[in-house]
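Structural characterization, general
So you can see what is in the structure, the chains are spelled out below.
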Amino acid sequence: MNRIILTGPECSGKTTIVMKLAKHFDVHYAEEYAVSYLKLKPKYEFTDLEAIAIGQHYSECALTLHEHFKGKDKIVLCDTDILTVQIWSEVVFKKVSSEIKRMVKNMTRINKDNNIYLLCSPEGIDWEFHPQRENPNDRDKLFERYEELLKKLNFPYFVLRGDIETRFNEAVKIIEKNV
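Predicted model only: the values in this text are computed from it and were never measured.

1. Quick notes on the nonpolar core
- Within the largest apolar cluster, 32 residues are counted, with the highest numbers of intra-cluster contacts made by Ile-52 and Leu-83.
- Listing elements by their share of this core, those giving two or more residues are helix H2 (33-40), helix H3 (48-69), strand S3 (75-79), helix H4 (82-93), helix H5 (98-111), strand S4 (115-120) and helix H6 (139-153).
- With residues up to four places along the chain from it excluded, the contact list for Ile-52 reads Tyr-33, Ala-34, Tyr-37, Leu-38, Val-85 and Trp-88.
- Of all hydrophobic cores here, the second largest spans 18 residues; its members include Leu-21, Ala-22, Ile-75 and Ile-174.

Pasting the structure below:
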C-alpha cells in the first residue's frame, strides 16, 4: 500500500486537494490530527506535539486497515504526517522531542519506499486566517524547510504549484504514474 502525503506550509491547498483526491479515487483520507486536537486544546505546549504525532500515526494506521478490509488497498491519502509535526516543533520550540525523532526515524526505515509526498507550494495561494494558523509571512521559508527535510530523508516527492485545479490534476497524474 502506498501512502500519498500532502505536505507543506499552512494555507497551501493540502486539505482541499486531499479531499478532491479522495473523491476522485473513491477512498477515505487521514485527516490532519492536529486540527481536532487543537480544537480541544488551542494553547498547546511542547509536550502536546508528541500526542499530536502519535495521534496522526494512529489515524493513518487505522485508515490503512479500513481501506485494506474494504479492498481498496492501493493508496492511503494523508493530509500531512509526522514530518509536519517535526518541522512545527523546530519552528515553534526550536527543538524536537526524542519520541518524534524516533517516530520519524522508524517511518523513514519502514515506509520509505511506500511514501509519495506531494509538497504544496504556497505560491499562488493566498493565506487565509484560521485560529490554528500561525505563519502568514514565512510560508516560503517553511516550504524550503519541508523540501530540505524531504531531500535529507531521501523521500520521493513532487512539488505542486498553480491554482487548486492545476495542483489536483497534477496530483492525479503523479499518483496514477507512480502507484
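After that view of the structure, there is still more to cover.
2. Looking at the environment of Gly-8
- Mapped onto the secondary structure, Gly-8 falls in the loop between strand S1 (2-7) and helix H1 (14-25).
- The exposure class of Gly-8 is buried, given its relative accessible area of 2%.
- A sequence separation of 131 residues divides Gly-8 from Arg-139, and the C-alpha atoms of the two residues are 8.7 Å apart.
- Ignoring sequence-local partners within four residues, the contact set of Gly-8 consists of Lys-14, Leu-119, Cys-120 and Tyr-146.

3. Describing the pattern of salt bridges
- Taken as a whole and assessed by the stated rule, the structure comprises seven salt bridges.
- A salt bridge links Glu-60 to Arg-3, with the nearest nitrogen and oxygen atoms 2.7 Å apart. Here Glu-60 is found in helix H3, whereas its partner Arg-3 is found in strand S1, with 57 residues between them in sequence. Here the two residues Glu-60 and Arg-3 agree in accessibility, since each one is buried.
- Among the salt bridges present, the one from Arg-3 reaches Asp-81, with a minimum N-O distance of 3.4 Å. One end of the pair, Arg-3, is in strand S1; the other, Asp-81, is in the loop between S3 and H4, and 78 residues separate them in sequence.
- Look at Arg-3 and you get buried, because its relative accessible area is 9%.
- According to the relative accessible area criterion, Asp-81 is buried, its value standing at 1%.
- Among the charged side chains, a network of salt bridges with common partners joins Arg-3, Glu-60 and Asp-81.

4. A few points about the packing of H1 against helix H7 (residues 164-178)
- With their axes 10 Å apart at the nearest point, H1 and H7 run at an angle of 50° to one another. Here H1 lies oblique to H7, going by the angle between them. H7 is crossed by H1, and the crossing has right-handed handedness. For the pair H1 and H7, contact is made by Thr-16, Ile-17, Lys-20, Leu-21, His-24 and Phe-25 and by Ile-164, Glu-165, Arg-167, Phe-168, Ala-171, Val-172, Ile-175 and Glu-176, respectively.

5. Here we look at the sheet that holds strand S5 (residues 157-160)
- Strand order in the open sheet made by the five strands is S2-S3-S1-S4-S5, with parallel pairing throughout. Two strands in the sheet have a free side with no partner beyond their single neighbour: strand S2 (29-30) and S5.
- For S1 and S3, the ladder comprises five bridges, and the chain directions are parallel. Counted as the bridge partner of Leu-6 is Asp-79 from S3.
- Helix-sheet contacts for H1 involve S1, S2, S3, S4 and S5, and the interaxial angle to S3 is about 160°.

6. Brief notes about the pairing of S3
- Across the five residues of S3, five count as buried, placing the element largely inside the fold.
- Taking every second residue as pointing to the same face, both faces of S3 are buried, with Ile-75, Leu-77 and Asp-79 on one and Val-76 and Cys-78 on the other.
- The pairing of S2 with S3 spans two bridges and is parallel. Bridging from a neighbouring strand, Tyr-29 pairs with Leu-77 of S3.

Analysis parameters
Residues numbered from 1 in each chain as written. Predicted model: local features only at pLDDT ≥ 70, side-chain atom pairs only at ≥ 80, totals over all residues. Heavy atoms only, no water. Core = buried A, V, L, I, M, F, W, Y, C linked by side-chain atoms within 4.5 Å. Buried < 20%, exposed > 50% of the residue type's maximum accessible area, 1.4 Å probe, protein only. Helix = DSSP H or I, 4+ residues; strand = E, 2+ residues; numbered from the N terminus. Contact = heavy atoms within 4.5 Å. Salt bridge = Lys/Arg side-chain N within 4 Å of Asp/Glu carboxyl O. Axes fitted to C-alpha atoms, helices over the stretch in contact; angles between N-to-C directions. Parallel < 35°, antiparallel > 145°, perpendicular 65-115°, else oblique. Left-handed = near helix turned anticlockwise from the far one by under 90°. Pairing = 2+ DSSP bridges.

Honestly, it's all geometry; don't read function into it.
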